[in-house]
Amino acid sequence: MPQWTHPEQYTAFDNEDQALAFCKDWGLLPQKAAKSKTFRYKGQNLDLPCEIVGYADLVFAVIQVDGQLHNIHPSYLREMQNAHFGKIKLEEDSEANETDSTANAVLTEPASPIAPDAAAETIAPPKAKKAAEKKTADKPPAAPIALPDGKVSVEATVAEFASVPNPFSDTDDEVVIFEQISFQHDGQATALDTAWSSHSMALKKLELQIGDQLSFEAKLVAKKLNKHPVKYKINNAAKITKKDPE
């Protein structure tokens, strides 16, 4: 049982008419009521019938609940008579607890490591992501560079040395990858980001190193280097000259 607030002293009603008059003044009964009713005491996990038996003073009523006397403010007792009394507070407390639990879970759950690309994809709003995909899809592919049919004068810089598998041999083929390539054709200069060439005997004689700048005559063709992002090949390089370092 809960800890009741027992009245140290109180005045008991003389009769039912006096109890009816007090209940009307306290707003517990309508003014036209001809008799009292059974009230309910709710709270502290209880919902019990109670009887108003008197008053402690002009502020507090005295009720009897399960054989125990208890001081209570009449307006609070009036609220207890509402069918939804206690339920709204319980629902609000439950929602608050769920919100707090969710917030705590978000704050305390360890973050999983995410790769930068994956994080960007996760954070990007769906609409923005679709718009970006559409923009990329709508963007026309870069126009292919028109390569001359014959040999042209070329300038290029050695970027790296590599090897690629040769399906017709047990050994790999050695290649040289060039960058900063430019060539002249019909009075117009054209640039390529990268191109590759077989590491021929003529090139090996020059004992090339990364960063060496060459000029030569060669035919340029669109042929991708296997397993490398290099789309153009230098064929039949001749008159090769290595520029002196400045």
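Residues numbered from 1 in each chain as written. Predicted model: local features only at pLDDT ≥ 70, side-chain atom pairs only at ≥ 80, totals over all residues. Heavy atoms only, no water.

Caption draft 1: Representation of the side chain of Asn 235 in the model. Secondary-structure assignment places Asn 235 in strand β10 (residues 232-242). A distance of 3.4 Å separates a polar atom in the side chain of Asn 235 from a polar atom in the side chain of Lys 233. In contact with Asn 235, not counting residues within four places along its chain, are Ala 218, Lys 219 and Val 221. (Helix = DSSP H or I, 4+ residues; strand = E, 2+ residues; numbered from the N terminus. Polar contact = N/O pair within 3.5 Å; in protein donor to acceptor, adjacent residues only side chain to side chain. Contact = heavy atoms within 4.5 Å.)

Caption draft 2: Local environment of the nonpolar core. Ile 52, Ile 63 and Leu 77 are the most contacted members of the largest nonpolar core, which has 19 residues in total. Those elements that provide at least two residues to this core are α1 (16-25), β2 (39-43), β3 (46-55), β4 (61-65) and α2 (74-80). Counting residues in each nonpolar core, the second largest holds 18 residues, with Val 154, Phe 178, Leu 203 and Leu 220 among its members. (Core = buried A, V, L, I, M, F, W, Y, C linked by side-chain atoms within 4.5 Å. Buried < 20%, exposed > 50% of the residue type's maximum accessible area, 1.4 Å probe, protein only.)

Caption draft 3: View of the pattern of salt bridges. Tallied over the full model, the rule gives five salt bridges. In this structure, Asp 47 engages Arg 40 in a salt bridge whose closest nitrogen and oxygen atoms are separated by 3.1 Å. Classification of Asp 47 by relative accessible area gives partly exposed; the value is 42%. (Salt bridge = Lys/Arg side-chain N within 4 Å of Asp/Glu carboxyl O.)

Caption draft 4: Representation of the pairing of β4. Of all five residues in β4, four are buried; the element is thus mostly enclosed. Looking at chain direction, β3 and β4 are connected through five bridges and run antiparallel. Bridging across to β4, Ile 52 finds its partner in Ile 63. As consecutive antiparallel partners, β3 and β4 are separated by five residues. As defined by bridge partners, β4 adjoins strand β5 (residues 68-72) across five bridges and the pair is classed as antiparallel. Each residue of the ladder has a partner; that of Val 62, found in β5, is Asn 71. Between β4 and β5, which pair antiparallel and follow one another directly, the connecting turn spans two residues, one of which, Asp 66, has a positive phi of 50°. (Pairing = 2+ DSSP bridges.)

Caption draft 5: Spotlight on the packing of aromatic side chains. Throughout the structure, instances matching the rule amount to five aromatic pairs. Geometrically, the ring pair formed by Phe 13 and Phe 22 is tilted, given 5.2 Å between the ring centres and 45° between the ring planes. When its relative accessible area of 13% is taken as the criterion, Phe 13 is described as buried. Pairwise contacts between aromatic rings join Phe 13, Phe 22, Trp 26 and Tyr 55 into one cluster. (Phe/Tyr/Trp six-rings, centres within 6.5 Å; stacked < 30°, edge-to-face > 60°.)

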